[in-house]
Amino acid sequence: MGYWQFIFVDVVDEKPLTKEENSLLTKVLRAKLVQSTKEVEVQRKDPKSPLYSVKSFEELPLKEALRRGVYGMGFNSPSKIQETALPMLLADPPNNMIAQSQSGTGKTAAFVLTMLSRVNPEESFPQVICLSPTMELAKQTGAVAEQMAKYCPEVKIAYAIRGNRLSRGEKLTSQIIIGTPGTLMDWILKVRAFDPKKIRVFVLDEADVMIDTQGHKDQSVRIHKFLPKDCQMLLFSATYEEQVMKFAESIIPEPIVIRLRREEESLENIRQFYVVCTGMEQKFESLSNMYGVISIGQCIVFCHTRKAAAWLSEKMSREGHSVALLSGEITVEQRIAVLNRFRAGKEKLLITTNVCARGIDIEQVSVVINFDLPMDRFNAPDFETYLHRIGRTGRFGRYGLAVNFVNEGRDLPLLKKIEEHFGRPIEELNTNDVDALE
Ligand code: ADP
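Summarised in this report is the structure supplied together with it. In this text, all values refer to a predicted model and were calculated from it rather than measured experimentally.

1. Observations concerning the packing of helix α14 (residues 383-390) against helix α15 (residues 408-422)
Relative orientation of the contacting elements α14 and α15 amounts to 75°, with a least axis distance of 11 Å. Here α15 runs roughly perpendicular to α14, going by the angle between their axes. The residues of α15 that touch α14, namely those facing Phe 383, Tyr 386 and Leu 387, are Lys 417, Ile 418, His 421 and Phe 422. Of the residues belonging to the contact of α14 with α15, the class tally is 5 nonpolar, 1 polar and 1 charged.

2. Some details on the sheet that holds strand β2 (residues 96-101)
Strands sit in the order β1-β8-β2-β7-β6-β3-β5-β4 across an open sheet of 8 strands; the sheet is mixed. A strand with exactly one partner marks an edge of an open sheet, and here the two such strands are β1 (40-43) and β4 (157-160). Here the strands of the sheet are splayed against their neighbours by 15° on average, with no regard to which way each runs. Note: β2 against strand β7 (residues 232-237), 4 bridges, orientation parallel. In the strand pairing of β7, Gln 100 is matched with Ser 237. Across the sheet, helix α5 (residues 107-118) is in contact with β2, β3 (128-131), β5 (176-179), β6 (201-204) and β7; its angle to β7 comes to roughly 165°.

3. Comments concerning the nonpolar core
Looking at soluble globular proteins, one finds that nonpolar side chains tend to be buried together. Counting 45 residues, the largest nonpolar core has Met 115, Ile 176, Ile 178 and Ile 258 as the members making the most contacts within it. Ranked by the residues each element gives to this core, the list is headed by α5, at 7 residues. Here Ile 258 is in contact with Val 40, Glu 41, Val 42, Ile 81, Ala 85, Met 88, Met 97, Ile 98, Ala 99 and Gln 100, once residues within four sequence places are set aside. Listed in part, the 33 residues of the second largest apolar core include Ile 199, Val 244, Ile 251 and Ile 252.

4. A short note on the pattern of salt bridges
According to the stated counting rule, one finds 17 salt bridges in the structure shown. Residue Glu 347 is joined to Arg 341 by a salt bridge in which the shortest nitrogen-to-oxygen separation is 2.7 Å. The class of Glu 347 is buried, set by a relative accessible area of 10%. Measuring nitrogen to oxygen at the nearest pair gives 2.8 Å for the salt bridge that ties Glu 419 to Lys 416. Here Glu 419 and its partner Lys 416 are both found in helix α15, 3 residues apart, which amounts to about one turn of the helix. Exposure remark for Glu 419: the relative accessible area of 18% places this residue in the buried category. Each of Glu 58, Glu 64 and Arg 67 takes part in one network of salt bridges that share partners.

Criteria and cut-off values
What you see as residue numbers is a count from 1 along each chain, following the sequence as written. At least 70 in pLDDT is required for a residue's local features to be given in this predicted model, at least 80 for side-chain atom pairs to be given and counted, and no such filter applies to totals for whole chains, interfaces and linings, which use all residues. Where side-chain values are given, they derive from all heavy atoms of the structure, hydrogens and water being excluded. For helices, the axis comes from a line fit to the C-alpha atoms of the stretch in contact; other axes are also lines fit to C-alpha atoms, and the angle between any two N-to-C directions lies between 0 and 180 degrees. To qualify as a helix, a DSSP run of H or I must reach at least 4 residues; to qualify as a strand, a run of E must reach at least 2; elements of each kind are numbered from the N terminus. When an angle is under 35 degrees it counts as roughly parallel; over 145 it counts as roughly antiparallel; between 65 and 115 it counts as roughly perpendicular; any other value is oblique. Note on definitions: a residue-residue contact is assigned when non-hydrogen atoms from the two residues lie within 4.5 Å. The residue classification treats Ala, Val, Leu, Ile, Met, Phe, Trp, Tyr, Cys and Pro as nonpolar and Asp, Glu, Lys and Arg as charged. All others, Gly included, are polar. Strands qualify as paired when DSSP identifies two bridges or more between them. Here, nonpolar core refers to any group of buried Ala, Val, Leu, Ile, Met, Phe, Trp, Tyr and Cys residues whose side-chain atoms link them within 4.5 Å. Think of it in three bands: with a 1.4 Å probe and only protein chains considered, a residue is buried below 20% of the maximum accessible area for its type, exposed above 50%, and partly exposed in between. By convention in these notes, a salt bridge is any Lys or Arg side-chain nitrogen within 4 Å of a carboxyl oxygen on Asp or Glu.

And the structure:
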């Protein structure tokens, strides 16, 4: 009884991240562009109007200082979505746009470039508004804008976020405002810090996260009503749910809709193995043996419970491994710190539970271990989580190795189901004889 009670508590007291937290985590940890083999899909009001995409930043109507800023960030050429979006975003007369693509594909860079290139630095009043769902996300976007505007010192950015107080009647001189809907609303209505009729570009970022908070959605709609008809309106979303698209079309008049479908994960580049064990102690020994015989670069181990994760991390540390443990009730900041250390190679082994593993870029890791098989509430194999843990995307993913530790009785049938589901072999591995791995 005590045992079951413990397991129960152990599983439920790990809170999944909120959408906002998840979005921040993904953003902060994403060090590089997510590549794509998919084609960008475009829907326009006039399908006959020419559609062109660019392969270089030189082909775009950009001020020299901005182009230098872009190159200075290490961008050599536009990303897939930027190739199609940027010519339309920068065209005159301006187009309204709804763009959807997964996180990391270059949306922020695209709209920040648009914002900066539409600003007239000689006029000292707000001309561009960008709304984000949280203060942290607003700061992230601002940091990108400041970097890109490195050679445009006249361009100033104001942050409409909690804690940035303006006194009543104070007039803003910054050309760009980045912030959250609540504070921005105050700046318009209470402070009257700027004239919304002079706004030329309005950006709604992370609209899918935004509409999840009712207050944010309503405030965004209200802010939108203050803007002039000819203001360029842009909306970005990482997901393509019906309610997001409905909202998008209700707020963005006559938009060009562009979409880059998600690259599916697959097990194509992965060699999958299983090791039969009796109990945790033996699983630990198998893991330890593996380290003895093959050179494992970076490795992630997934455990079912916090208790198992903590126990294993203790055991592995005692064996002399540098271990990062990601489990339990930790803040987003702490998660980011642990994951950043791991990503920088400070630890080679990351032990985690499933809930905590969000935001990890699996593709940099060469070995993934399922210390426990992923299962759903009904003790059936959780295929989606399995794929998410060990899958790689398209042809960009490097080769990887996945090892499943299974208990002889209960787990073997589950493993068979996983094998059948994906139609790819999972071979048995003897960790005392690991020639097969080399
Ligand atoms: P999204 O907004 O879709 O999540 P970002 O604009 O934040 O994507 O870009 C993801 C990552 O890729 C960032 O680290 C960004 O600096 C980088 N990036 C964006 N555009 C390019 C580009 N054209 N070339 C190289 N890296 C880029």
